[in-house]
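# Fold and contact review
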Amino acid sequence: MPVIVLLRHGLSSANTAGILAGRTPGVSLTEDGTRALEATLRLLPHTSFARLIHSPLLRCVQTAEIAQRHIEVTETRIGEEFVELDYGDWTGRSLADLVTTPDWKTVTERASAMRFPAGEAIAEAADRAVSGVRFLVGELRELERREQAAERPEPADAPGTAESAAGEKPKPAWGMIVSHGDIIKAIIAEALGMPLDDFQRLAVAPGSFTIIDWSGPFPVLTAMSVTAAGLAEAGVPGGGGLSDPE
């Protein structure tokens, strides 16, 4: 019954400057971003996590460190599969400039066909991120299985004990992934069965969390782009849309 929280890094200096940071090193959270993130993390419905995996980029490292002040984590690791898209020649450019390029229409309407100049294809990034989520879901399911086996009573126990234990609903294992806007949107799109070409219809605000429940036959989105900041960090409800650079 794995449940995964997708946490986008907090508001960064690149977000406020309107720059597509991509994998540029040294991009950090702003003071406002840190404060908003702290407030949002207090809204988490669960505080015990078996795994926390984060992108290696500084803004995600900082976000993961802040998250660990509010949750208990059994194991933390870096996940290269959740690193930001390689925007190639677009890295470091302003969003205002990029929206005037011929490729912008492809980004917004046919994302599956877009490869950034000298960079990564959106489809490639989506594939690696989704594969990473599937691996984590499998890992959490195995943890659940082991926990159930460890709690199963011995045959010598009192009559009826085994039946009552078997009838109890197993506790879900929770995982957290700290990543970037486009990566998280691609994960959400796949979970909802949406074509990648439609993933720009989703919005994931900086410092927000999204929750997907993998306990059933298909993933269920139970919360999306939750923030305590509300409209304070964006001009549209939820934020994280096309006007929000990474």
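Residues numbered from 1 in each chain as written. Predicted model: local features only at pLDDT ≥ 70, side-chain atom pairs only at ≥ 80, totals over all residues. Heavy atoms only, no water.

## Thoughts on the packing of aromatic side chains
Under the criterion given, the structure shown has 4 aromatic pairs. When the ring of Phe49 is compared with that of Trp174, the centres are 5.9 Å apart and the planes differ by 85°; the resulting orientation is edge-to-face. Of this pair, Phe49 sits in strand β2 (residues 48-54) while Trp174 sits in strand β4 (residues 174-179), placing them 125 residues apart in sequence. Exposure remark for Phe49: the relative accessible area of 1% places this residue in the buried category. Among the aromatic residues, those joined into a ring-pair cluster are Tyr87, Trp90, Trp104 and Phe116. Positioned over the ring face of Phe199 is Lys185, at 5.2 Å from the centre of the ring. (Phe/Tyr/Trp six-rings, centres within 6.5 Å; stacked < 30°, edge-to-face > 60°. Helix = DSSP H or I, 4+ residues; strand = E, 2+ residues; numbered from the N terminus. Buried < 20%, exposed > 50% of the residue type's maximum accessible area, 1.4 Å probe, protein only. Lys NZ or Arg CZ within 6 Å of the ring centre and 35° of its normal.)

## Structural notes on the pairing of β2
For β2, a buried count of 6 out of 7 residues is recorded, marking the element as mostly surrounded by other parts of the structure. Where β2 meets strand β3 (residues 72-78), 6 bridges bridge the pair, whose relative direction is parallel. Among the inter-strand pairings, Ser48 is bridged to a residue of β3, identified as Glu72. Following the chain from β2 across helix α3 (residues 58-67) to the adjacent parallel β3, one finds a crossover that is right-handed. Strand direction decides the pairing type here: β2 and β4, joined by 4 bridges, are parallel. Bridge pairing links Leu52 to Met176 in β4. (Pairing = 2+ DSSP bridges. Right-handed = clockwise from strand over helix to strand, strands pointing away.)

## Some details on unusual backbone geometry
In this model, Ala118 sits at a positive phi of 60°, which is unusual for a non-glycine residue. Inspection of the secondary structure assignment puts Ala118 in the loop between α5 (104-109) and α6 (122-151). Since its relative accessible area comes to 67%, Ala118 is described here as exposed.

## Overview of the environment of Glu65
Mapped onto the fold, Glu65 is located in helix α3. Assessed through its relative accessible area of 48%, Glu65 is described here as partly exposed. Distance from Glu65 to His54, taken between C-alpha atoms, is 9.9 Å for residues 11 residues apart in sequence.

## Structural notes on the sheet that holds β3
Pairing in this open sheet of 6 strands is mixed, and the strands run β3-β2-β4-β1-β5-β6 from one edge to the other. This sheet does not close on itself; its edge strands, each paired only once, are β3 and β6 (220-226). The mean inter-strand angle of the sheet, taken between neighbouring strand axes irrespective of direction, is 15°. (Axes fitted to C-alpha atoms, helices over the stretch in contact; angles between N-to-C directions.)

## Details of the pattern of salt bridges
Pairs can form between side chains of opposite charge once their charged atoms are near each other. Enumeration over the complete set of coordinates arrives at 17 salt bridges. A salt bridge links Glu75 to Arg77, with the shortest nitrogen-to-oxygen separation between them at 3.0 Å. The partner of Arg145 in a salt bridge is Glu142, and the shortest N-O contact between them spans 2.7 Å. One end of the pair is Arg145 and the other is Glu142, both in helix α6 and 3 residues apart, which spans about a single turn. By relative accessible area, Arg145 is classed as partly exposed at 47%. Through salt bridges that share partners, Arg51, Glu75, Arg77 and Glu139 make up one connected network. (Salt bridge = Lys/Arg side-chain N within 4 Å of Asp/Glu carboxyl O.)

## Side note on the environment of Leu52
Along the chain, the position of Leu52 falls in strand β2. When the C-alpha atoms of Leu52 and Glu75 are compared, they prove to be 6.3 Å apart, with 23 residues separating the residues in sequence. Not counting residues up to four positions away in its chain, the partners in contact with Leu52 are Ala64, Ala67, Gln68, Ile71, Val73, Glu75, Thr76, Arg77, Met176 and Val178. (Contact = heavy atoms within 4.5 Å.)

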